[in-house]
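Given next are the chains, with one letter for each unit.
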Amino acid sequence: MKYQCLKLRIDWGDLDLLGHVNNVAIVRYLQAGRVMYMEKVGLPAYVGMKTGPIEAATEIQFRKQLHFPGNVEVRTKVREVKNTSIILDHQIYDESGELAVSAMEVIVHFDFVNQTKIPLTDQLRQSIAAYSATLPEL
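Residues numbered from 1 in each chain as written. Predicted model: local features only at pLDDT ≥ 70, side-chain atom pairs only at ≥ 80, totals over all residues. Heavy atoms only, no water.

Draft legend 1. Structural detail: the pattern of salt bridges. Applying the stated rule across the entire model yields 10 salt bridges. In this structure, the salt-bridge partner of Lys7 is Glu73, at a minimum N-O distance of 3.2 Å. Placement of the pair is Lys7 in strand 1 (residues 4–10) and Glu73 in strand 3 (residues 70–81), with a sequence separation of 66 residues. By relative accessible area, which is 65% here, Lys7 ends up exposed. Overall, Glu73 belongs to the buried group, its relative accessible area being 14%. For the salt bridge of Glu98 with Lys64, the shortest nitrogen-to-oxygen distance reads 3.4 Å. On the criterion of sequence distance, the pair formed by Glu98 in the loop between strand 4 (85–93) and strand 5 (99–111) and Lys64 in the loop between strand 2 (51–62) and strand 3 is long-range, its members being 34 residues apart. Given a relative accessible area of 43%, Glu98 falls into the partly exposed group. Here Lys64 falls in the partly exposed class, since its relative accessible area comes to 29%. What you see here is one network of salt bridges that share partners, running through Lys7, Glu73 and Arg75. (Salt bridge = Lys/Arg side-chain N within 4 Å of Asp/Glu carboxyl O. Helix = DSSP H or I, 4+ residues; strand = E, 2+ residues; numbered from the N terminus. Buried < 20%, exposed > 50% of the residue type's maximum accessible area, 1.4 Å probe, protein only.)

Structure (structure tokens):
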């Protein structure tokens, strides 16, 4: 499978009272992978934009606790491109290479002015295909 890879450091502030990485920090790791992917394919998110990506759904399976100090690798790929949305698959691995988190996100192409979803452009579809082709096989 071809995945975009993003290495992140686990920070002390990512921990909860039980001493492992908090679920909220996991969502931030997924966000970092998603934002990087969207920027690479030409669908960035920034304040004041008229159209862009909006997260419609997230599903997370926690498989292993993560601890400080350490690093994670967030792997992101497109599972499916639909009419108005992109489904992303994420995997988060710990430093030993063990899978700690599996996740799926639905990202909708959205018109913020009219508050409605809009079709993905042919240019965006081509950009997704082109970027996916450059990703390493893991």
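So, next bit.
Draft legend 2. Geometry of the nonpolar core. Of all hydrophobic cores here, the largest spans 15 residues; its most connected members are Val21, Ile26, Tyr29, Leu66, Val72 and Ile92. Looking at this core, the elements with two or more residues in it are strand 1, helix 1 (23–40), strand 3 and strand 5. Top element by residues in this core is helix 1. It accounts for 4 residues. One finds Tyr37, Val78, Ile128 and Tyr131 within the second-largest nonpolar core, a separate group that totals 13 residues. (Core = buried A, V, L, I, M, F, W, Y, C linked by side-chain atoms within 4.5 Å.)

Draft legend 3. Structural detail: helix 1. In this model, helix 1 (18 residues) spans 26 Å end to end at C-alpha, consistent with the 26 Å of a helix rising 1.5 Å per residue. Listing the buried residues of helix 1 in full gives Ala25, Ile26, Tyr29, Leu30, Gly33, Arg34, Tyr37 and Met38. Where helix 1 is buried, its residues meet strand 1, strand 2, strand 3, strand 4, strand 5 and helix 2 (122–134). Residue Asn22 occupies the N-cap position of helix 1, its side-chain oxygen lying 2.7 Å from the main-chain nitrogen of Val24. Backbone geometry just downstream of helix 1 places Gly42 in the positive-phi region, at approximately 90°. (Expected span 1.5 Å × (residues − 1). Contact = heavy atoms within 4.5 Å. Polar contact = N/O pair within 3.5 Å; in protein donor to acceptor, adjacent residues only side chain to side chain.)

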